[in-house]
Amino acid sequence: MTDTVVEETDSAAPAWRDRALEPAARADALIAAMTLPEKIAQLFGVWVGASDEGGEVAPYQHEMEEPVTLESLLPQGLGQLTRPFGTAPVDPALGALSLLRTQRRIAAANRFGIPALAHEECLAGFAAWGATAYPVPLSWGATFHPALIRRMAERIGRDMRSVGVHQGLAPVLDVVRDARWGRVEETMGEDPYLVGTVGTAYVQGLESAGVVATLKHFAGYSASRAGRNLAPVGMGERERADVMLPPFEMAVREGGARSVMHAYTDTDGVPAAADERLLTGLLRDTWGFSGTVVADYFGIAFLKTLHGVAGTLGEAAGVALRAGVDVELPTVKAFGEPLLKAAADGEVDEGLIDRALRRVLTQKAELGLLDADWDPVPAALAGADLTDPRSLRGSVELDSAANRDLARQVAEQSIVLLANNGALPLDRPARIALIGPNSQAPKAVLGCYAFPVHVGGQHPDVPAGIGLPTLRDALAAEFPGSELVTAAGAGIDDTGTDGFTAATELARTADVVVLALGDRAGLFGRGTSGEGCDTESLTLPGVQQGLLDALLDTGVPVVVTLLAGRPYALGRAVTEAAAIVQSFFPGQEGTGAIAGVLSGRVNPSGRLPVSVPMRPGVQPSTYLAARLGQSSEVSSIDPTAAFGFGHGLTYTTFRWTDLDVEDLRTGTDGEIRLAFTVRNTGERDGTEVAQLYLHDPVASVVQPVQRLIGYQRLDLAAGEAARVRVRVPADLAGFTGRDGHRIVEPGELELRLGSSSTDPRLTVIATLTGPVRRLDHTRRLHAEFTREAPGAS
């Protein structure tokens, strides 16, 4: 039952309530009946916090904004509610009750009975108190397993939808260009194809649960100069087209994403929020995107305050609307009174307001928010006694056993074994010295957008709401027969070395040292990784490298274990450590996954989504370098990675054989067909990740030496082999030519099949024939991998 109020002049329901009509037609019918203030009210959100007592939400007092007065806004309607669950710790059931009561109030207050659309962050799981904290996106990339990430996203989406949330602000499709950037942990890596495939899988999972996925940050945010957050971007159109845009294009074409968030940055002087060519010309007119474009938080006002391309907030609103931004988030500012006045004065065309409104209302119709029988009671509260909030507390589970099992799978498959001199798996050591700043830190597994960090840090007296076993807890459970002794040695960003002596003395008493290094996630300088936590170099934070060196000097085998948000240069450890285990904030099940890799219970299968540098000062640098971007005799700076993109070891071995190519020549509109066999030649089951790289030796525009164009995880039992067939369309050799159009050129190509970008196993030299061919947005995006039993024809 609903409390909505709808004014009707006769017994017939208005057309916008008619579910038999297309959503866009329903939106048009509603627009025709609305006043200008009612139209504008649908184009902004209000930042709120749910009540932990089950009462209505309250406007959030944010340091950048004055709180709004709901009483003054609601008679005109309200477009969105910003983060009712993700603003303060609140029991999920009572948060859902608070949201539904507020939705009833919103619908009852406006004459059309339109509720708000509620959005939340979901970068590493639903950002709500008590919800499962999954690994961060950089770990998703490390899995090279889109199907697994889709399942994870679907589960996240179901949890969000169950409590009344409609839109999730994820995934981040930015491609890493400089690992000093604090938000590297939020990305899926440094390769656009990996980011695109894994990110699109996340979109598909979230959307399949009925939650609107929001692609961010469109486009180029991660290419900011010097890795500084929100700094200008100096890349050219070709780099944007060939590196930054493909993941977004894939997520729109194949993922069905229904929302896009503009980036904060400007590229060559044009802010993304003011870029009509990007937000309308490319996104809508070329790619056919029909959803909503939402502002990154405060981004429209930034056109005035930070970019200086608008003199007033009303002018900023007009610039954003013309570019193609539809919704102001997180709260009303430019799209409130400033836009209303600018439109009334004729400075902003009301047609632009109608255009944005049509997209917003179409989406609300698709979500059922315009239906006559719309009911704000979410699935999680169906059948509950809503009159007794106390009885609801603890009744909604957002961290189920199934969630945790999936979080464990993602964590286990994301851990990358960088180096191993035979020390791993550990063979029942009598005494383990667990040392390092992340050895006993419960939040060491969490990124900056995980609720216990993002919000919980402001509420230190509130428990995390989920289990966060430390690495010490996990090792004690994994090695019950071993004596476990611990010392921190130093804090994450300590500058003093007072703890080194105790740590090295403890190490000398042990059979092996497990050294837990890495990051502390935070926001805007409160951590060493996360939004606004950029770094000047890729040296380990604080004195961690000194602690590492001191422990290496003891002569005791040191297993370096990283819980981090970005790759770091590891100095002597690259050649002297007994083993190096890399994890990227692996979530609440992460320490158990790491312990499983150390014991051998888990055979590592993760692969690097970002290169690990040999030296700390070589940024910006990624594996997607042209020849001039690699080591040379004319520069004293060598950017060669210690461990390259795609690298990862296992506890078994694989042999690649029997390469067969059907035709080494094909047209620029054809495809190359090849096959090869991979056999697990070790004594235990394992996973190989077959990676396909393209090298174009001669092109009319400078190309990276190689780039990933396909991959396939192969789970193989000991002794098992798989025959893999691959169809490689010539479209994948395309790039943006000198005239700005994407083309495929005739000529020789080299296809490299291998276990990483630095370990090619099989090579095909093929030739494309025929004329230069122009590609468009309908081009083929994937090589097609098919696994067969060996010997299959």
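Caption draft 1: Summary view of the sheet that holds strand E29 (residues 773–774). Taken in spatial order, the three strands make up an open sheet running E25-E26-E29, and their pairing is antiparallel. Each of the sheet's edge strands pairs with one partner strand only, and the pair in question is strand E25 (735–736) and E29. Where E25 lies against strand E26 (residues 742–744), two bridges are found, and the strand directions are antiparallel. Within the sheet, the bridge partner assigned to Thr-736 lies in E26 and is Arg-742.

Caption draft 2: Quick peek at unusual backbone geometry. Geometrically, the link from Leu-329 to Pro-330 is a cis peptide bond, its omega value of 5 degrees lying close to zero. Take Pro-330: it is sitting in the loop between helix H11 (313–323) and helix H12 (337–344). Here the residue pair Gln-619 and Pro-620 is connected by a cis peptide bond, since its omega of 0 degrees sits within 30 degrees of zero. Assignment of secondary structure puts Pro-620 in the loop between strand E17 (612–613) and strand E18 (641–643). Its identity is not glycine, yet Ala-226 carries a phi of approximately 65 degrees, on the positive side.

Caption draft 3: Structural view of the pairing of strand E12 (residues 431–435). Of all five residues that make up E12, five are buried, and the element is covered over most of its length. Both faces of E12 are covered, namely the face carrying Arg-431, Ala-433 and Ile-435 and the face carrying Ile-432 and Leu-434.

Caption draft 4: Region of the structure containing helix H18 (residues 500–507). Looking only at H18, the buried set comprises Phe-500, Ala-503, Thr-504, Leu-506 and Ala-507. Within H18, the buried residues cover an arc of 160 degrees as seen down the axis, which keeps them to one side. The inward-facing, buried residues of H18 abut E12, strand E13 (483–487), strand E14 (512–518) and helix H19 (544–552).

Caption draft 5: A negative patch on the surface, seen in detail. On the surface, Asp-658, Asp-660, Glu-662 and Asp-663 cluster together into a negatively charged patch. Asp-658 gets classed as exposed once you look at its relative accessible area, which sits at 52%.

Caption draft 6: Structural detail: the nonpolar core. In terms of nonpolar packing, the biggest core is built from 227 residues, with Phe-126, Tyr-202, Phe-218, Ile-580 and Leu-598 touching the most fellow members. Setting aside residues up to four positions removed in sequence, Ile-580 forms contacts with Val-416, Leu-417, Leu-418, Ala-419, Val-560, Leu-562, Leu-570, Ala-573, Val-574 and Phe-643. Ranked by size, the runner-up nonpolar core spans 30 residues in total, among them Leu-716, Val-726, Leu-751 and Phe-785.

Caption draft 7: Expanded view of the side chain of Asp-275. Examined against the element boundaries, Asp-275 turns out to sit in the loop between strand E9 (270–271) and helix H9 (276–286). Engagement of the side chain of Asp-275 in a polar contact is seen with the backbone nitrogen of Arg-277, the distance being 3.2 Å.

What counts, and at which threshold
Residues numbered from 1 in each chain as written. Predicted model: local features only at pLDDT ≥ 70, side-chain atom pairs only at ≥ 80, totals over all residues. Heavy atoms only, no water. Pairing = 2+ DSSP bridges. Helix = DSSP H or I, 4+ residues; strand = E, 2+ residues; numbered from the N terminus. Buried < 20%, exposed > 50% of the residue type's maximum accessible area, 1.4 Å probe, protein only. Arc of directions from axis to C-beta. Contact = heavy atoms within 4.5 Å. Patch = residues over 30% accessible without salt bridge, like charges linked within 9 Å, V, L, I, M, F, W, Y side chains within 5 Å. Areas by Shrake-Rupley, 256 points an atom, 1.4 Å probe, with all protein chains shown as cover. Salt bridge = Lys/Arg side-chain N within 4 Å of Asp/Glu carboxyl O. Lys, Arg positive; Asp, Glu negative; His and termini not counted. Charge placed at Lys NZ, Arg CZ, Asp CG, Glu CD. Core = buried A, V, L, I, M, F, W, Y, C linked by side-chain atoms within 4.5 Å. Polar contact = N/O pair within 3.5 Å; in protein donor to acceptor, adjacent residues only side chain to side chain.

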